[in-house]
Amino acid sequence: MAVDLTNAALAPTEWSSSNGSAVSTSTTARKARGGKVFTRRSKNANTQPLPTKSDIYIFYSTLTGTSEKYALHLEATLSQHSQLSTRGIHTQNLDYLDDLDTYFVAPARFLENAVYLFVVPSYASESPLDFFTETLKDTYNDFRIDSRPLRNLGGYAVFGLGDREGWDENMYCYQAMEVDKYLGKLGAPRAFPVGTGNVSGKANDEYEEWMKHLIDTLTDPAGVGEMIDIGDSDDEDVEAENEEIDIAQPASLKLSKVTSAKDVIDVEDMGVIIENSRASSDLTTRKEMVGRDTPTFNALTKQGYTIVGSHSGVKICRWTKSALRGRGSCYKFAFYGIKSHLCMETTPSLSCSNKCVFCWRHGTNPVGTTWRWQVDPPDLILKGALEAHYRKIKQMRGVPGVQAARFAEAFTVRHCALSLVGEPIFYPHINEFVGMLHERNISSFLVCNAQHPEQLKALDQVTQLYVSIDASDKESLRRIDRPLHRDFWERFNQCLDILRNKTRQRTVFRLTLVKGFNASEVVGYAKLVAQALPCFIEIKGVTYCGTSSATSGPNGAFKGASKDSLTMANVPFYEEVRDFVLQLDTSLKDLGLNYDIAAEHAHSCCILIAQKRFKIDGEWYTHIDYNRFFELLRQGIEFGPMDYIAKSPSWALFGSEQAGFNPEDERVVSKKSKAYKSEQLAI
């Protein structure tokens, strides 16, 4: 049960004059928490007046009503102020806000120059406020959208309510600090420093003092510059990128601080070195892949991951959230019948052997060519992953639009996408882990990067086996995937040969198209298909992951791009993906291969090509009969991909009017999208 720690506060109607300032007056600096100093820019440094006519929005979250009283008192105070009473003042409960995107992800035009004020309590367990803070974090880390969507706001300020006696000093009003931090990261100009009120002390006085100086700021005709949060630093991001060779080593041994030639180790030689020292390494304790409170741990958790054990992770997918609200599932539902709200996205190995230019994680996850870390047992990983997944599902309970039936169903995972980050097949006990999934009637969709042929060959039956095919030739693969193995191309081809011989598995090629890198290699891809003969081929446009030193591309590799990173110019439109698929289909037929275009999911910018054996009597059967799959496993007999097929729905087929969107779900189209504009023109 969630507990509102502001419950002990005095009724906000009993306001008294302040006799102790928790917030600075008009000085140049104040200390907000734990020595964190907020400094005002000098008036000569990019100062600008706050807008004097724009509306003011007061947001709050509450379970017991205390924070609401503070927010309403703020509204009343602002409305009675002679210089602010003419402005529109709106008070909104974050817990019941219909669409957070309108205010915080893609703000509507009417919010330009608006001022956002927040009254944020502290909770001892999960609550709708967690969903709001996660939305801010996800928006900041989502490379597919504007990285600074709140830059056109007129300003913002946050006040947090907490109990110093009930929290550790570092956790006091931590959610207010999180909101303040990520609003700034999303581009919003900080109008006034975050304030805090101690409900076991003088919360009312502290609130009055903060409000007094806030009003002074809002009515100051000279304007103020953005407040600089000196204590807020992204140094951990840089450290994480520098630690990608061995994240478990002490900070004093960072690779960037090597001082002698004998200390320099080529990452491609790590496997040889460890192999030669295997005997001695057995006598020492292996390090954790992702130790607690390390820069790598902090970077991944900041991106929304829950670290399980020492080398596994789980994260709730945005399509899971969408499906819970009845707004559609991902392409796997259209192609294979996976309902997103029943799917858990996890990995037993956060480490990878590639550093792809389009990596979602900006290179913050560890990398390596051999397993050199502690190994967690598979039962611990599965138990921890399920528990973490269900905790994240619980956070959706207060989100507007969540369907009760789907919310209840979501607490019984039926599918596991082993594709979150890293290389799942790298985990030494992957077969045992998959077996435990199957024992629970959880299907397994495992993705590998075609760099571990021995592990791929030894892999037992999975529901569906993916191999990422990011390029059609050696040099392109080197540029895009940036593999660590010296013999990466040989390993790649070995994996394709192994895939061809895994006739009992449902096999899939996953092609990620990156304009300027691999979106014109149609014939080369067709030849790779001829080599491996996968059951299916998924062609998907790359998802933009923002700028990062970890996503650097070749100089001049694409027009209009930075030499250091991918840009939106590298993201193909759906029409471009479709044109590529049509060309690939032609090339496959030219080679005499028996494939055809089967399904599409335009919302994921993804199209499916399948072997024609899955087209029976003119009907496509790309979906999976999951109950039949588990029956065959329990019987202990050999079976193949044609033994557990199911008919594809008409709305999922390529060329259908729905373009892969389930008509039983509600389609929500952003007013900024091309689809919305097209619909308006048609009216």
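Parameters and conventions
Residues numbered from 1 in each chain as written. Predicted model: local features only at pLDDT ≥ 70, side-chain atom pairs only at ≥ 80, totals over all residues. Heavy atoms only, no water. Phe/Tyr/Trp six-rings, centres within 6.5 Å; stacked < 30°, edge-to-face > 60°. Helix = DSSP H or I, 4+ residues; strand = E, 2+ residues; numbered from the N terminus. Buried < 20%, exposed > 50% of the residue type's maximum accessible area, 1.4 Å probe, protein only. Lys NZ or Arg CZ within 6 Å of the ring centre and 35° of its normal. Axes fitted to C-alpha atoms, helices over the stretch in contact; angles between N-to-C directions. Parallel < 35°, antiparallel > 145°, perpendicular 65-115°, else oblique. Contact = heavy atoms within 4.5 Å. Nonpolar A, V, L, I, M, F, W, Y, C, P; charged D, E, K, R; others polar. Core = buried A, V, L, I, M, F, W, Y, C linked by side-chain atoms within 4.5 Å. Pairing = 2+ DSSP bridges.

Chemist: What is the right way to read the packing of aromatic side chains from this model?
Modeler: Two aromatic rings, taken as a pair, are described by how far apart their centres are and by the angle between their planes. A full pass over the atoms with the stated rule returns 36 aromatic pairs. Taken together, a centroid distance of 5.7 Å and an interplanar angle of 75° make the contact between Trp371 and Phe426 edge-to-face. Of this pair, Trp371 sits in the loop between strand E11 (343-347) and helix H12 (378-394) while Phe426 sits in the loop between strand E12 (415-418) and helix H14 (430-439); the two residues are 55 residues apart in sequence, bridging distant segments of the chain. Look at Phe426 and you get buried, because its relative accessible area is 4%. The residue whose ring lies beneath Lys315 is Tyr305, and the NZ or CZ to ring-centre distance is 5.2 Å. Across from the ring centre of Trp319, 4.6 Å away, lies the NZ or CZ of Arg318, which sits over that ring.

Chemist: I tried to follow the packing of helix H17 (residues 488-501) against helix H18 (residues 522-532) on my own but got confused; where do I start?
Modeler: To describe two helices that pack against each other, one gives the angle between their axes and the distance between the axes. H18 packs onto H17 with a crossing angle of 50° between their chain directions and a minimal axis gap of 7 Å. If you check the angle between H17 and H18, you find them oblique. Along the contact surface, H17 presents Phe492, Asn493, Leu496, Asp497, Leu499 and Arg500, while H18 presents Leu528, Ala530, Gln531 and Ala532. Of the residues assigned to the contact of H17 with H18, the class counts are six nonpolar, two polar and two charged.

Chemist: Looking at this structure, how should I read the nonpolar core?
Modeler: Within soluble globular proteins, side chains that are nonpolar tend to cluster in buried spots. Of all hydrophobic cores here, the largest spans 79 residues; its most connected members are Phe509, Ile537, Ile539 and Leu584. In terms of residue count, H17 provides more of this core than any other element does, seven residues in total. Those residues in contact with Leu584 that lie beyond four places of it in its chain are Leu511, Val522, Tyr525, Ala526, Ile537, Ile539 and Ile609. Counting residues in each nonpolar core, the second largest holds 37 residues, with Tyr103, Leu111, Val120 and Ile393 among its members.

Chemist: In this structure, what is going on with the pairing of strand E17 (residues 595-601)? I would like to understand it.
Modeler: If a strand is regular, its side chains alternate between the two faces of the sheet. The buried fraction of E17 is high, at seven of seven residues. As paired elements, E17 and strand E18 (residues 606-611) share six bridges and run antiparallel to each other. Directly across from Ala599, in E18, lies its bridge partner Leu608. Here E17 folds back onto E18, and the loop between the two strands holds four residues, one of which, Cys605, carries a positive phi near 55°.

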